[in-house]
Amino acid sequence: RFGKISDVSLGFSSSTDAYPNTPTLSFAKVKFTSHYISFNAVEMETVNHTPLETPTREENNLMAQIGQDSIPFIDINGKWYSTTSYSPQILQGLSQQTIATDLNNPKSSVAQSIIAASNYMTSAICSVDGEVPANVCKSSGVTAANIKLGIK
């Protein structure tokens, strides 16, 4: 919605997670280009809990300041913070291909959950980036999320 992302890899959550072996994405080597926002991903550990990347002092301080220790943790310009915005339980037992297919079916619970979460995230980003690009920030899903978040 805001740029181009590449080098995202497919994976699974840990077998010891609350929802074990859930299909997931890794942003460890991701590249993101945008005219609107910047994106900095830090993958702190592998699926086997081996350290992978170390957050900067500023990133650690931010997480400590707001008492955040869950992953994923998303900071949107110091104004909005997000963690998991839908239950990973909806992905249990699904393959990545099934999830991708379900995202094209607006009646599927996968699409409804992920698209709703995306609209909330987009609403928060638009609220701090000057509402650009307008076609994204003024879309019906984002406008509905604005109302739920109390934006505008």
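Rules behind the numbers
Residues numbered from 1 in each chain as written. Predicted model: local features only at pLDDT ≥ 70, side-chain atom pairs only at ≥ 80, totals over all residues. Heavy atoms only, no water. Helix = DSSP H or I, 4+ residues; strand = E, 2+ residues; numbered from the N terminus. Contact = heavy atoms within 4.5 Å. Areas by Shrake-Rupley, 256 points an atom, 1.4 Å probe, with all protein chains shown as cover. Lys, Arg positive; Asp, Glu negative; His and termini not counted. Charge placed at Lys NZ, Arg CZ, Asp CG, Glu CD. pLDDT = per-residue confidence, 0-100. Core = buried A, V, L, I, M, F, W, Y, C linked by side-chain atoms within 4.5 Å. Buried < 20%, exposed > 50% of the residue type's maximum accessible area, 1.4 Å probe, protein only. Axes fitted to C-alpha atoms, helices over the stretch in contact; angles between N-to-C directions. Parallel < 35°, antiparallel > 145°, perpendicular 65-115°, else oblique. Nonpolar A, V, L, I, M, F, W, Y, C, P; charged D, E, K, R; others polar. Disulfide = S-S within 2.5 Å.

Looking only at helices and strands, one finds five helices and six strands in the protein chain. Here the contacts in the protein chain between residues at least 6 apart in sequence split such that 44% fall between residues at least 24 apart. When the accessible surface of the protein chain is summed, it comes to about 9900 Å², and 54% of that surface belongs to carbon and sulfur atoms. Of the side chains in the protein chain, 10 bear a positive and 12 a negative charge, and the two mean positions are spaced by 11 Å.

The pLDDT averaged across the protein chain works out to 91; a share of 97% of its residues lies at or above 70. Helix α4 (residues 134-137) holds the highest mean pLDDT among the elements of the protein chain, 97, whereas strand β6 (residues 80-82) holds the lowest, 79.

A word on the nonpolar core. Phe2, Ile76, Ala124, Ile125, Cys126, Val136 and Cys137 together form the largest nonpolar core, which totals seven residues. Listing elements by their share of this core, those giving two or more residues are α3 (109-128) and α4. The element contributing the most residues to this core is α3, with three residues. Those residues within four positions of isoleucine 125 in sequence are excluded, and the remaining contacts are Phe2, Ile37 and Ile76.

It is worth spelling out the packing of helix α2 (residues 96-103) against α3 at this point. Each pair of packed helices gets described by two things: the angle between the helix axes and the distance between those axes. Contact geometry of α2 with α3 gives a least axis separation of 7 Å together with a crossing angle of 75°. When the interaxial angle is binned, α2 and α3 end up roughly perpendicular. Residues Ile99, Asp102 and Leu103 of α2 form the contact with α3, whose participating residues are Val110, Ala111, Ile114 and Ile115. Here the contact of α2 with α3 is built from residues that sort into six nonpolar, no polar and one charged.

Turning next to the state of the cysteines. Throughout the structure, instances matching the rule amount to one disulfide. The disulfide partner of cysteine 126 is cysteine 137, and the gap between their sulfur atoms is 2.0 Å. Since a negative S-S torsion denotes a left-handed disulfide, the cysteine 126-cysteine 137 link at about -85° is left-handed. Within this pair, whereas cysteine 126 is found in helix α3, its partner cysteine 137 is found in helix α4, the two being separated by 11 residues in sequence. Look at cysteine 126 and you get buried, because its relative accessible area is 1%.

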